[in-house]
Amino acid sequence: MVEGDTDQNHSKYTDVKDDRVANGDSKDHPLAGVGPVSLVAQQQQLSLHGPLNGSGGDSALVSKQTEAKGGAPVDPERGAYSIKADFEQAIELTGYGRFHYILLAICGLVSTSEEMDVISMSFILPSAQCDLDLNTQSKGWLNSIIFIGMMFGAYIWGSVADSLGRKKVLIVISIMNALCIVASSFSQNYEVFMVFRFLNGVALGGSGPVIWPYFAEFQPKSKRGSMLSFMAAFWTIGNLLVAGLAWLIIPTGIGITTPAFTYNSWRIFLLVCSIPSFIVAALLLYLPESPKFLLSQGKIDEAMAIFRGIYVTNTGKTKDQYPVKELLIDEKLREELESVTKPIKNKYKRMLYDILDNSKQVFMSPILKFTIISITINFTFHIGYYGLMMWFPELFNRFDEFTRAHPGVEDASVCQVTDYVVGMGSHSQSGVCSATIPSTVFMESLITVAAALPANVVAVLGMDRLGRKFFLVFSTMAAGACSASMFFVTNQHQNLAVSAVFSGVISMGNASLDCLITEVFPTNLRATGVAISMVAARLGGIIGNVVIATLLDMYCPAPTFIVAVLLAGGGLMCLFLPNTTRTALS
């Protein structure tokens, strides 16, 4: 696993006893007299003996400070360098290798488990309608209750993460999430199931606002866009896993059924979906805290220790060979750290103060503009994303029901199919509830989510070349066109094709939106800003599920065109945000 720190022991990530400056050149605390140094000034100070090894080798920058004082020349083979660097240079000089790939795998699994838990309900609804006595409206609320919980959780956990740290919050919410899923699988009625789905949402609400800043803060600016897009691809993996597991488990009819207790196949499917969250909680123990967050808290030595640990993991060399010996603190961060003249001793009061202060700052100039735009984009985007994506399995099932009931009819629109199913009331003609879902429904769902894989590859390869705004505008316009065209499909195969294209283009938009919103907020407000944006996203998910479900049954043409307009309009809002492609994190 990663060569680094756990919460139970001290290692190279938390060894803060190393000298900050080689040869005793500086004995001052980084905040005392260390100002920002321009790249030109550093080049004048440093001697360049060779190119930087981008794969994680030592830099060949050797300080001349020792020689200027009459000391012996620095031996580059022994790693006795004396380099001053800001955060971006420090993370670059750790190299890019084993640590970052392990980080991607673990953080990606967090995103996978989150998406599995959200989307799993769309596969449960057709099967659970008899057990929980569901109609279209109750299905919409069951889809939405997790987003209501996520609205509460996003703000709470995001604010706590900006105060106490990213890693601790991620571990707590992963455990809480897993336990709530297990509890919901044992729920025997609609009301209890709703309670645990709500709590499940509260836990999940912290996942997105925390994992994206956490992952981004370990990335050098040259790779940040592509790696964030890579992590967004794990959402697609989550969709594929859910669809595949649903196909393997739900139609089997396994489980037990007694007059007092039922634990059937869809409940077992839920139980299996909780496993990734348990795994994530354990794996996160092997990762360090975000060094960017530690710097924002004034913990310079701890951040340096983590840089050394990453360097060791990536290169296999000793921590003494890490060339950076002193971190430069920019004026803005210095002012923020020195502004706390009367520190609050009680950590809980400190946390509450930070939460309230961070919440106030994201709604003040100059951050206010970013906050309003990110809220608007997330709200409109997720009405479309969840409003359609979570209803695709239900639409596939409705087409299948219509086809079986009308074997001689080849063409039927979404509205015709919906009118038929609503008229039947999701019950068979004998009046007995039918929860049997044909395997073709799961196969079509699997095809739909698999269509996002090539789109994710395009996003990974092009995010740092074409930029976040390009992908967001293109994807929202294309997804809007797909949404509108669903009104004109005339058979099951056309519906599948449009759904697959929608899934692909919307996944590119999701990746670019996550990149853009994560990068636009400063470090000390990043989790809070992303969290508030996520609250808007969850509200969009709620409205998307409830309103889309209601309109689909009451006035079928409306949902597809409403979603089309919202997606296209929201995507264009990103043009008012600054360009964050290949720029340093603020």
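Cut-offs used in this document
- Residues numbered from 1 in each chain as written.
- Predicted model: local features only at pLDDT ≥ 70, side-chain atom pairs only at ≥ 80, totals over all residues.
- Heavy atoms only, no water.
- Helix = DSSP H or I, 4+ residues; strand = E, 2+ residues; numbered from the N terminus.
- Buried < 20%, exposed > 50% of the residue type's maximum accessible area, 1.4 Å probe, protein only.
- Areas by Shrake-Rupley, 256 points an atom, 1.4 Å probe, with all protein chains shown as cover.
- Phe/Tyr/Trp six-rings, centres within 6.5 Å; stacked < 30°, edge-to-face > 60°.
- Contact = heavy atoms within 4.5 Å.
- Axes fitted to C-alpha atoms, helices over the stretch in contact; angles between N-to-C directions.
- Parallel < 35°, antiparallel > 145°, perpendicular 65-115°, else oblique.
- Nonpolar A, V, L, I, M, F, W, Y, C, P; charged D, E, K, R; others polar.
- Expected span 1.5 Å × (residues − 1).
- Polar contact = N/O pair within 3.5 Å; in protein donor to acceptor, adjacent residues only side chain to side chain.
- Core = buried A, V, L, I, M, F, W, Y, C linked by side-chain atoms within 4.5 Å.
- Salt bridge = Lys/Arg side-chain N within 4 Å of Asp/Glu carboxyl O.
- Left-handed = near helix turned anticlockwise from the far one by under 90°.
- Patch = residues over 30% accessible without salt bridge, like charges linked within 9 Å, V, L, I, M, F, W, Y side chains within 5 Å.
- pLDDT = per-residue confidence, 0-100.

1. Some words on the overall build of the protein chain
Now for step 1: Along the backbone of the protein chain there are 24 helices and six strands.
Now for step 2: Within the protein chain, the fraction of its 586 residues that count as buried is 59%.
Now for step 3: Total accessible area computed for the protein chain in this model is approximately 22800 Å², and 64% of it derives from carbon and sulfur atoms.

2. Here we look at the packing of aromatic side chains
Now for step 1: Using the criterion set out here, one finds 16 aromatic pairs in the structure.
Now for step 2: A ring pair is formed by Phe-186 and Phe-261, whose centres lie 6.4 Å apart and whose planes are at 25°; its orientation type is stacked. Of this pair, Phe-186 sits in the loop between helix H6 (166–185) and helix H7 (190–204) while Phe-261 sits in the loop between strand E4 (256–257) and strand E5 (262–263), placing them 75 residues apart in sequence.
Now for step 3: Ring geometry for Phe-488 and Phe-561: centres 6.3 Å apart, planes at 80°, overall edge-to-face. You can see Phe-488 sitting in the loop between helix H21 (468–485) and helix H22 (492–520) and its partner Phe-561 sitting in helix H24 (residues 557–572), a full 73 residues away along the chain.
Now for step 4: Using a relative accessible area of 55% as the deciding quantity, one classes Phe-488 as exposed.
Now for step 5: In textbook terms, an aromatic cluster arises when at least three aromatic residues are bridged by ring pairs, as seen for Phe-99, Tyr-214 and Phe-218.

3. Focus on the side chain of Ser-533
Now for step 1: Among the secondary structure elements, Ser-533 is positioned in helix H23 (residues 526–554).
Now for step 2: The exposure class of Ser-533 is buried, given its relative accessible area of 1%.
Now for step 3: Apart from residues no more than four positions distant in its own chain, Ser-533 is found in contact with Ser-374, Ile-375, Asn-378, Ile-517 and Phe-521.

4. Some words on unusual backbone geometry
Now for step 1: The omega angle of the peptide bond from Ser-365 to Pro-366 is 5°, so this bond is cis rather than trans.
Now for step 2: Note that Pro-366 resides in the loop between helix H15 (347–361) and helix H16 (367–389).

5. Observations regarding the packing of helix H4 (residues 98–128) against helix H10 (residues 265–273)
Now for step 1: For the pair H4 and H10, the least separation of the axes is 10 Å and the interaxial angle reads 175°. In this view, H4 runs roughly antiparallel relative to H10, as classed from their interaxial angle. Contacts between H4 and H10 pair Met-116, Asp-117, Ser-120, Phe-123, Ile-124, Ser-127 and Ala-128 from the former with Trp-266, Phe-269, Leu-270 and Cys-273 from the latter.
Now for step 2: Looking at the contact of H4 with H10 residue by residue, the classes come out as eight nonpolar, two polar and one charged.

6. Examining H22
Now for step 1: The end-to-end C-alpha distance of H22, which contains 29 residues, comes to 42 Å, matching closely the 42 Å that a straight helix rising 1.5 Å per residue would cover.
Now for step 2: Most of H22 sits inside the fold, with 25 of its 29 residues counted as buried.
Now for step 3: If you check the start of H22, you find a side-chain oxygen 3.0 Å away from the backbone N of His-493, and it comes from Asn-491.

7. Considerations on the side chain of His-100
Now for step 1: Inspection of the secondary structure assignment puts His-100 in helix H4.
Now for step 2: Here His-100 falls in the buried class, since its relative accessible area comes to 0%.
Now for step 3: For His-100, the contacting residues outside a window of four places in its chain are Thr-94, Gly-95, Phe-218, Gln-219, Ile-310 and Asn-314.

8. Here we look at the nonpolar core
Inside soluble globular proteins, nonpolar side chains tend to come together where they are buried.
Now for step 1: Of all hydrophobic cores here, the largest spans 143 residues; its most connected members are Phe-123, Leu-142, Phe-269, Leu-327 and Phe-502.
Now for step 2: The greatest single-element share of this core, amounting to 15 residues, is contributed by H4.

9. Structural notes on the pattern of salt bridges
Now for step 1: Under the counting rule described, the total for this entry stands at two salt bridges.
Now for step 2: Arg-267 serves as the salt-bridge partner of Asp-131, at 3.8 Å between the closest nitrogen and oxygen. Taken together, the positions of Asp-131 in the loop between H4 and helix H5 (136–164) and Arg-267 in helix H10 put the pair 136 residues apart, joining distant regions of the chain.
Now for step 3: Residue class for Arg-267 comes out buried when judged on its relative accessible area of 1%.

10. Thoughts on the environment of Val-498
Now for step 1: With respect to the element layout, Val-498 can be found in helix H22.
Now for step 2: Residues Val-498 and Met-486 lie 12 residues apart in sequence; the distance between their C-alpha atoms is 6.7 Å.
Now for step 3: Apart from the residues within four sequence positions on either side, Val-498 is in contact with Cys-482, Ser-485, Met-486 and Val-489.

11. Points about the packing of H4 against helix H8 (residues 207–216)
Now for step 1: Packing of H4 against H8 leaves a shortest axis separation of 11 Å and a crossing angle of 165°. Between H4 and H8, the angle is such that the two are roughly antiparallel. As H4 runs across H8, the sense of the crossing is left-handed. Contacts between H4 and H8 pair Leu-103, Leu-104, Cys-107, Val-110, Ser-111 and Glu-114 from the former with Ser-207, Gly-208, Ile-211, Trp-212, Tyr-214 and Phe-215 from the latter.
Now for step 2: A breakdown of the residues in the contact of H4 with H8 according to their chemical character gives eight nonpolar, three polar and one charged.

12. Regarding a nonpolar patch on the surface
Now for step 1: Residues Met-477, Leu-572, Leu-575 and Phe-576 make up a contiguous nonpolar surface patch of about 400 Å² in total accessible area.
Now for step 2: Relative to the assigned elements, Met-477 resides in helix H21.

13. What about the environment of Val-535?
Now for step 1: Here Val-535 lies in helix H23.
Now for step 2: For Val-535, a relative accessible area of 21% corresponds to the partly exposed category.
Now for step 3: Distance in space between the C-alpha atoms of Val-535 and Gly-149 is 9.8 Å, their sequence separation being 386 residues.
Now for step 4: Residue contacts for Val-535: discarding those within four places in its chain leaves Met-151, Ala-154 and Tyr-155.

14. Quick look at the confidence of the model for the protein chain
Now for step 1: Taken residue by residue, the protein chain gives an average pLDDT of 75. The fraction at 70 or more is 77%.
Now for step 2: Contacts for the low-pLDDT stretch residues 426–432, under 50 throughout, to residues beyond four places or in other chains number seven contacts.

15. So, the environment of Arg-98
Now for step 1: Tracing the backbone shows Arg-98 in helix H4.
Now for step 2: When the C-alpha positions of Arg-98 and Ile-310 are compared, they lie 8.8 Å apart, and in sequence the two are 212 residues distant.

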